Amino acid sequence: MSLLRVENLSIHFGGVQAIQDLDFAIDAGTIHSIIGPNGAGKTTLFNLITGLYRPSAGAIYLDDVQIAGKRPHDLARMGLSRTFQNLRIMMNMTAVENVMVGRHLHLNTNLLACMLRLPMIVRGDRAARKRCIELMDMVGLGADIDADAGTMPYGALKRLEIARALAAEPRLLLLDEPAAGLNERETKEIDDVIVAVARSGVTVVLVEHDMKLVMGISDHILVLDHGRKLAQGTPEEVRNNPAVVAAYLGNV
Amino acid sequence: MPPAFVELLQFLLSGVTSGAIYALVALGFALIYNASHVINFAQGEFVMLGGMVTWVLLSQGIDLPLAVLGAVGLTMLVGLLLEKLAIEPVRNANVVTLIIITIGAAIFLRGLTSVTLGKDLHALPAFSGNEPLDLMGATIMPQSLWILGTTALIVLLLHVFFNYTLLGKAILATSHNRLAARLMGINVNFVLLLSFGLSALLGAIAGILIAPITATHFEVGIMLGLKGFAAAILGGLGSGLGAIVGGLLLGIIESLGAGYISSDYKDAMAFVVILGVLFLMPSGLFGKRGTERV
Amino acid sequence: MADIRPSGYSKHRKKQTYTRRLGTRASPLQMLMSERVGGMLALLLVIAVLPLVLANNYQYDVAITIGINAIVVIGLNLLIGYAGQISLGHAGFFALGAYASAILTSRYGLHGALAMPLGALGVGLLAYIMARPILRLSGHYLAMATLGVGVIINIVISREAWLTGGPDGMYVPAMEVWGVELYGGQIWYWIVAAFLVLAIWISLNVIDSPVGRALRGLHGAEVAAEVAGVDTTRYKVMVFVLSAVMASVAGSLAAHFSEFVTPEKASFFHSILFVTMVVFGGMASTFGALVGAAVLTVLPQLLADFASYEHMILGLIMMTVMIFMPRGLVPTLSGLARRRGARR
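Thresholds, definitions, all that
- Residues numbered from 1 in each chain as written.
- Chains lettered and ligands numbered in written order.
- Predicted model: local features only at pLDDT ≥ 70, side-chain atom pairs only at ≥ 80, totals over all residues.
- Helix = DSSP H or I, 4+ residues; strand = E, 2+ residues; numbered from the N terminus.
- Rg over C-alpha atoms; globule rule 2.2 N^0.38 Å.
- Buried ≥ 20, exposed ≤ 12 C-beta atoms within 10 Å, placed from the backbone.
- UniProt positions renumbered as here; feature names shortened; annotations may be inferred.
- Pairing = 2+ DSSP bridges.
- Contact = placed C-beta atoms within 7 Å.
- Nonpolar A, V, L, I, M, F, W, Y, C, P; charged D, E, K, R; others polar.
- Axes fitted to C-alpha atoms, helices over the stretch in contact; angles between N-to-C directions.
- pLDDT = per-residue confidence, 0-100.
- Parallel < 35°, antiparallel > 145°, perpendicular 65-115°, else oblique.
- Left-handed = near helix turned anticlockwise from the far one by under 90°.

Along its length, chain C carries 16 helices and four strands. Here the C-alpha radius of gyration of chain C, 22 Å, is about what a compact globule of 344 residues would show, namely 20 Å. On the principal axes, the C-alpha backbone points of chain C span a range of 75 × 45 × 45 Å. Across the 344 residues that make up chain C, the buried fraction comes to 54%.

Okay, the UniProt feature "transmembrane region" (unreviewed entry) in chain B next. Residue and element names in this part refer to chain B. UniProt marks residues 12-32, 39-58, 64-82, 94-112, 145-167, 231-256 and 268-287 with the feature "transmembrane region" (unreviewed entry), using the numbering shown here. Measuring from the first to the last C-alpha atom of residues 145-167 gives 31 Å, for a span that is 96% helix and 0% strand. Across residues 231-256, helical content stands at 85% and strand content at 0%; the span's end C-alpha atoms are separated by 16 Å.

Another point: the pairing of strand β4 (residues 57-62) of chain A. Residue and element names in this part refer to chain A. Bridge analysis of strand β1 (residues 4-13) against β4 gives five bridges, and the strand direction is antiparallel. Within β4, the residue paired with Val 6 across the bridge is Ile 60. With two bridges joining them, β4 and strand β5 (residues 65-66) adopt antiparallel strand pairing. When the bridges of β5 are listed, Leu 62 appears paired with Val 65. What sits between the antiparallel neighbours β4 and β5 is a turn of two residues, in which Asp 63 has the positive phi angle 55 degrees.

Turning our attention to the environment of B:Val115. Along the chain, B:Val115 turns up in helix α4 (residues 95-117). When residues no more than four places from it in sequence are discounted, the contact partners of B:Val115 are C:Ser308, C:Tyr309 and C:Met312.

Where interface size is given, it is often the accessible area lost as the parts come together that is meant. Each partner contributes to the interface: chain B provides 39 residues, whereas chain C provides 35 residues. Element by element, the count of residues in the side of chain B that touches chain C is highest for α4(B), at 16 residues. Looking at the side of chain B that touches chain C, its residues break down into 32 nonpolar, four polar and three charged.

With that settled, the discussion passes to the interface of chain A and chain C. Between chain A and chain C, the contact holds 48 residues from the first and 38 residues from the second. Looking at which element gives the most residues to the side of chain A that touches chain C, the answer is helix α5 (residues 119-138) of chain A, with seven residues. Considering only residue class, the side of chain A that touches chain C consists of 25 nonpolar, ten polar and 13 charged.

What follows concerns the environment of A:Tyr154. Tracing the backbone shows A:Tyr154 in helix α6 (residues 154-167). Along the sequence, A:Tyr154 and A:Gly181 sit 27 residues apart, while their C-alpha atoms lie 7.9 Å from each other.

The subject of this paragraph is unusual backbone geometry. Across residues other than glycine, the phi torsion is negative in most instances, and most of the peptide bonds are trans. All names here are of chain A. Unusually for a residue other than glycine, Arg 117 sits at a positive phi of about 50 degrees. Assignment of secondary structure puts Arg 117 in the loop between α4 (111-116) and α5. Using a count of 18 C-beta atoms within 10 Å as the deciding quantity, one classes Arg 117 as partly exposed. The backbone of His 226 sits at a positive phi, close to 50 degrees, despite the residue not being glycine. The topology assignment puts His 226 in the loop between β9 (220-225) and β10 (228-233).

All names here are of chain A. Pairing within the open sheet is antiparallel, and its four strands lie in the order β2-β1-β4-β5. The open sheet terminates on both sides in strands that have one partner only, identified here as β2 (16-26) and β5. Strand contacts of helix α1 (residues 42-49): β1, β2 and β4, with the helix running at about 65 degrees to β2, the strand carrying the most contacts.

A separate point is the confidence of the model for chain B. Residues with a pLDDT of 70 or more make up 98% of chain B, whose mean pLDDT is 91. Predicted confidence for residues 290-294 of chain B stays below pLDDT 50, and this span has five contacts to residues more than four positions away or in other chains.

Now for the packing of α5(A) against α6(A). Residues and elements named next belong to chain A. Where α5 meets α6, the closest approach of the two axes is 9 Å, and the angle between their N-to-C directions is 135 degrees. Regarding the angle of α5 to α6, the classification is oblique. As α5 runs across α6, the sense of the crossing is right-handed. Contacts between α5 and α6 involve Cys 132, Leu 135 and Met 136 from the former and Ala 163, Leu 166 and Ala 167 from the latter. In terms of residue class, the contact of α5 with α6 is built from six nonpolar, no polar and no charged.

So, in structure tokens, the structure goes:
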């Protein structure tokens, strides 16, 4: 049984067909990459899977449960988490607080308990902070714990998004261009993080332009072009697929 | 004519009359909003200034056309100063801060008017007398015709201005994309200034037109401003057509509501309607319904 | 998930900050510097000392009005400053609380201590019902909708004279507790102070809790908060209701203290005044809200000496402060102090 299955998925904005009749499946415990030229519909696909967009047609299954049209926070509860290509950092909060928002689902959110600051809230927050600091250490942000998010550089914020997404302890993690704008060393670090995350049992879906990263860590690759599936398979298969070479890799 | 029809016609006529005023005020909101994304809560004070200054000039023995010209000119000057001194320095501040600045300006202008011109109620003489005209059994005041005619003329002029002149197109371009407009060589600050001047002009004219019917007073701008804002929102913020339709609709609904339901709640009608519309259409009647890009 | 840390990442961890970072108990000095401990202590001190300075009934009245306004503004700051949602109609909730207390005690003979929570419950319910459709809106549309709610409440109060006394207002009977009439500034000072301390304590607690982070998170990046599992609609509704209830309680206090209520309490101007207090003191700062309430309550009193120039000066001050300190008094001044301290 696949963890995520997409069937006949389509969405159009006005007259623009952003995703057309897409089918694919993702097995648990793998690193799965989605590649394709700009405008191929990769981020749109993420937005569909995480409930930000409602598909015009088709279905999305998580563990065989239809999830298309569900609200994002319900999907988060079902184990979905993601990062954003254009950073969505809470600039009004500190770095660790950003990560702690990611921990939301695992905390006591009873308003009355929070208003009175009951001991269980204090304990919960202390444990959450500890856990979030571990995650920040993991993505290499150990020195920025209490920094204002607004003062941190781009590369650090990219990693902060990953830590925030991990704080939810997702089963399926969608990373939208985690290496974009990072230098080679930082890309290597992110690479290590992704592999480590996958090894811990989280299924990772990656949208990425960095072919070295994609080819190096992916178990499976899906190639999109103009909202349609162009090819899929192992990195080896995709690399040798003439259609992919012609449409995409040939230009790299 | 059956009396029920005459009654309806009467309500519609008075509704369209006040609706035209709301439309002018709403156009002022839309103009400034488009150029700067600021909601100018001092828009109602422009209306008040138009009426009050005209009254003062008339009382000094100045002829009506000259008094009107003077009042419009002075109000525009106030609009330009407001932009230059209070809006331009903080253009990128957040929405709430900007709202409070314009409200501060409104309070200041009200205070200034009450100190210099007093707190009394003044009625302007109607432009063409008070002889009611008969329209299929209903009556209409000549002043209403002045209001409708002037509003129509202004709408026409604005249409020509925005669609057929370079300056008008520059303002539209700025409202769509400020950065792109700047790159195209448009002086964005000048556009901003111009939008405040134009809004003040519209407000002053509205205030002068309505003053013979409802009389003018230093606090007359509060309700007119709020209703103009409601009309602008009703039509969809930033849409010129929306502002006009929103204003007329609001005037008609208010008049029908006051006539058939309860005159006590005349002032509440506009806000009940706007709440109802916003619940069903969160972007107003003609507002852009954008999908947020993620 | 504990074993997924790749080797090498813990190397550049700074040992000396470890305990602080893990969120173990802060040192006494750190606690004294924090808002919840140090700020509260300072507040209690001011409240305790102030009566020694207050010379007459008039000054007590001003102090009590500051407290009442501050309760509204602290709630409103949760909504505007922290959750990033605007309301131009909170005077409506304030007035509903005041009139609930006035009507329930004078017309139905209820005790004030019962009327206040009943009023708060009613206002909370009303806010809850309205919040869902209203908070779907954003920006100026939300401003319009909340403004509309406030204006409608104001008009209803003015028109339904059989119940509310109409534009002239209505008397509120004095509250009695165990046969003692609660009358006068000296008594109400302590009652209002207790409610104020409670409001500030609740506000500080909420902000630094999972609920508060959800609120700040949806302000900072709504989509990201939603994806992280925050039901953003639910939280917007929650904070809207909480702020409405706080306004209602403050309204009840005002009604019982002044023993008179007028529809003016629900006016658009009054709503604007509350919002201005929030922004004036500094958004997203609980003590800023208190400062904003204090300054803008005292200011008109001082300006009363200028008689008819009062409004001109008030308008000018509102504009200049917002132009030169768009972030508000407390954040701007504390930012200045911090920079000066850093330079030293």
